[in-house]
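Spelled out, the chains give:
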Amino acid sequence: MRDHALTRPARRGLAAAAVLAVLVLAGFAALRAIAPPAERADSAPAGEFSAARAFEHVRAIATTTHPAGSAANDTVRTHLLEALRGIGLTPEVQDTVTIQGGTLSASAGGAGLARVRNVVAVLPGTDSTGRIFLVAHYDSAQVGPGGNDDAAGTSTILETARALKAGGPLRNDVVLLLTDAEEACLCGAKAFVDQHPLARDGGVVLNLEARGSSGPAIMFETSEGNGELVEAYGHVPYPVGTSFAVEIYRLLPNDTDFTPFREGGFQGLNTAYIDGAAVYHAPTDTAASMNRDSLQHHGDNALALTRELGGRDLTALEAGDATYFPAAGLLIRYPGTLVWPLAVLALIAVGLLGWLVVRQQRATGRRVALAGVLTLIPILAAPAAAQGLWSLLVLVRPEYGGMPIDPYRPLWYRLAVIALAATVVLAWHALLRRRVGPAALAVAGLGWLAALGLLLAAVTPGGAYLTTLPALAGAVAGLIAIHVPDALAVVAIAAGAVVATVILLPTVVMLFPALGMPMAGVGAFLTVLLGLALIPVADLVHPAAGGARGMEALRARHRGAAPTLAAAVALVACTATGLAVDRFDAAHPSLTHLMYALDTDTGTARWLSEETDPQPWTAQYVSAPPETVTDSLPAFGDERLRSGPAEAASLPAPNLTLVTDTRTGDGRTLRLRLTPQRTARFVTLHIAAGTTVTSATVGGRPVGDLSGSAGGGWGFGFVFHAPPQDGVEVELTVKGTDPVRLRAMDGSDNLAALPGFRPRPSGVGVLGSHSSELVAVAKTYTL
């Protein structure tokens, strides 16, 4: 029987070792290209970005939690103003009220508003063609000091501004915008876009974020028509970004300060580092948790990109979307118009390879078709097995179920997922190689990559390169391999494998922190795609098919099974190592969620939790099955919470005062003042569902959409973040003259002072949720 492979080198072992060595080097280079640069010391030249200098601002910003409206946030804002004045700028504070429609972060059935105080400064250009906006938010989540989110972005802007001042003016104006109330409702950015004179003519926005504590600063979102901006981004010293991430992010319901700008017609790029996400919004998001190399990456790219755009004609940035990805320290990019031609070309090339394989009798058409069907096995099995692995880990360590994105030390688990996918692909290949044929399996693998390229071109065009280019490179390599001597054939196979490795391996590595271990199946899926592209390389490890008998055949089978066995051992070893090193302790606590709600109408209180399967500490407070609480707490909407009885604390409800009541015809116009009676992070107000609201003005801002309904007998409502001490003025026009029922609630963040609260033990921490540690006090008013 002939060896039906794409290449048949005489010295297979040497060829396999050489190709594997090349792939290891290519993989190392690909991963090194997306690693952040080393922190630069404070002795760096004045015109360069220094993470050490920027980190001094991080220390000042992240001394304690500082949500919008808090005294601590006032202190942070004072530091920002002093820092900007210290480099010769004249900052201003935009103090205003704004409304942000859509889904609310802490209410339901209506609108989100806030009083915001943005810090704004301008570096004037010499002959400006437009404005570049450097944007980051300086407020933190209510339970975390924001050492990374977003002291990283804020400190990057301060240090970038210092470096820009040291280097002389640019052609274009640079606006520094440090926004307020991002965590609450993106209201600082919304206020600037809607109300500030500097925003009237649009411009280019560079938003800087962090959703973790480490990793490369990834450019993960763009405005539409990003071709020219991506080309400019390609000039930064350490470009890390992929059009696949942009496509995925556009499909997700996630938002940052970039969203109001993008929706307001601005062009721009959004960048964040996202690894180490266990600290996200949590008390562990401290300055000490920050990887300063990630801060250096943020700064180097932000400074270089600002200078690049600062010298361009910003009126000439219109272009179509680009496809792009990092490779060898560069940003490979091509116009989006090539997505479909390349996808079709890849399919044609694979089809031609399949036809030649059959024509040269390396496989039959039936075997190629059978291999295509059987290739579904690893494509489906590996992701399912990866999800099963994570479920097993949660079963072994239930605290993982409370982690929002990732464990504290996920590296070994990620390696385990890669090893699992490799085990599935290698086992599948080893079992079918002799029965179906190596050439048929290689063509089938490339065929699936090409087919997925067509699907991605239709659904997420910016991600089509992930499979189109490996399929095209693999097919071209195969076409060369079957027409040249074996030595050159091995070179061709290696070249095709390098392309797949350089494209897919960094994507696997970047996708793990983006989606987290709860979605490990996605990482396994991409690893399988890489494995399918590398089937011709895997085949080199196996002995030539045919001719072996007896002990020689047995030794050949053992040699063929060795890669699968090695991958399986790596799977077990990585999983065990992950369990050994990723343990919960005082510095890396398990995460728990608890709230307290007091109903002053009845004088009763209860504990509430988002935890579906409460951890032991939380279980002492909540025992009832999850249910909605909108009947008494309409601000929570349809969120299902566990609850348990609590001792009623002596806390005052927000005061709702009727200022005027004007009756005209069949309606009433009520002027009200909603005033918290304690230090509150927000206040909410909801109207009974039977009352029709025809117009509403809150804090001087008209509310457009009045159609929302909170449920539980309550209709339209709003949440107002960072309310003034003297309260919020509300004007409601309703149909009818009957009494109007309203439910007022405010929220603060200090469970420790409540009766019946027992402090968390060492190793148990607070989940980084916008409602963690919330103390809610509600009261019903009838007017």
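The sections below set out a description of the structure shown in this document.

The rules we used
Residues numbered from 1 in each chain as written. Predicted model: local features only at pLDDT ≥ 70, side-chain atom pairs only at ≥ 80, totals over all residues. Heavy atoms only, no water. Disulfide = S-S within 2.5 Å. Buried < 20%, exposed > 50% of the residue type's maximum accessible area, 1.4 Å probe, protein only. Core = buried A, V, L, I, M, F, W, Y, C linked by side-chain atoms within 4.5 Å. Helix = DSSP H or I, 4+ residues; strand = E, 2+ residues; numbered from the N terminus. Contact = heavy atoms within 4.5 Å. Salt bridge = Lys/Arg side-chain N within 4 Å of Asp/Glu carboxyl O. Phe/Tyr/Trp six-rings, centres within 6.5 Å; stacked < 30°, edge-to-face > 60°. Lys NZ or Arg CZ within 6 Å of the ring centre and 35° of its normal. Pairing = 2+ DSSP bridges.

## As for the state of the cysteines
Using the criterion set out here, one finds one disulfide in the structure. One disulfide in the model links Cys185 with Cys187; its S-S distance is 2.0 Å. Here the S-S torsion is close to -130°, and the disulfide linking Cys185 with Cys187 is therefore left-handed. Side by side, Cys185 and Cys187 carry an identical accessibility label, which is buried.

## So, the nonpolar core
In this structure, Val417 and Tyr465 are the most contacted members of the largest nonpolar core, which totals 90 residues. The element best represented in this core is helix α17 (residues 486-515), accounting for 12 residues. Contact partners of Tyr465, with chain neighbours within four places excluded, come to Thr242, Ser243, Phe244, Thr323, Tyr324, Phe325, Tyr334, Pro470, Ile503 and Thr507. Counting 55 residues, the second largest nonpolar core, distinct from the first, contains Ala151, Ala152, Leu229 and Ala322.

## Structural notes on the pattern of salt bridges
For the coordinates displayed, the defined rule picks out 28 salt bridges. A salt bridge links Arg40 to Glu48, with the shortest nitrogen-to-oxygen separation between them at 3.6 Å. Residue class for Glu48 comes out partly exposed when judged on its relative accessible area of 33%. Ionic pairing is found between Arg668 and Asp661, a salt bridge with its closest N-O pair at 2.5 Å.

## Here we look at the environment of Leu426
Along the polypeptide, Leu426 turns up in helix α14 (residues 411-436). Spatially, the C-alpha atom of Leu426 lies 17 Å from that of Gly13, the residues being 413 residues apart in sequence. When sequence neighbours within four positions are dropped, the list of residues in contact with Leu426 reads Ala538, Pro563, Thr564 and Ala567.

## A closer look at the packing of aromatic side chains
For the structure on display, the rule yields 17 aromatic pairs. Between Phe133 and Phe261, the ring centres sit 6.4 Å apart and the planes meet at 40°, which makes this aromatic pair tilted. Highlighted residues: Phe133 in strand β3 (residues 131-137) and Phe261 in helix α9 (residues 258-263), separated in sequence by 128 residues. Given the relative accessible area of 0%, Phe133 is considered buried. Measuring from centroid to centroid gives 5.9 Å for Trp617 and Phe757, while their planes differ by 75°, and the two rings are edge-to-face. Taken together, the residues span a long stretch of sequence, with Trp617 in helix α21 (residues 616-619) and Phe757 in the loop between β22 (741-748) and β23 (764-766) at a distance of 140 residues. Residue Trp617 is classed as buried on the basis of its relative accessible area, which comes to 7%. Ring-pair connections join several aromatic residues into one group, and the members of that group are Trp390, Tyr400, Tyr408, Tyr413 and Phe584. The aromatic ring of Phe55 is capped on one face by Arg292, whose charged end is 3.8 Å from the ring centroid.

## Examining the pairing of strand β15 (residues 655-664)
Successive side chains on a regular strand alternate, one facing one side of the sheet and the next facing the other. With nine bridges connecting them, β15 and strand β16 (residues 667-675) associate as antiparallel partners. Bridge assignment links Thr662 to a residue of β16, and that residue is Thr669. What sits between β15 and β16 in their antiparallel hairpin is a turn of two residues, with Gly665 showing a positive phi close to 60°.

## Observations concerning the environment of Gly125
With respect to the helices and strands, Gly125 occurs in the loop between β2 (110-123) and β3. In this structure the C-alpha to C-alpha distance between Gly125 and Gly311, which are 186 residues apart in sequence, comes to 9.4 Å. Apart from residues no more than four positions distant in its own chain, Gly125 is found in contact with Leu170, Arg171, Asn172 and Asp173.

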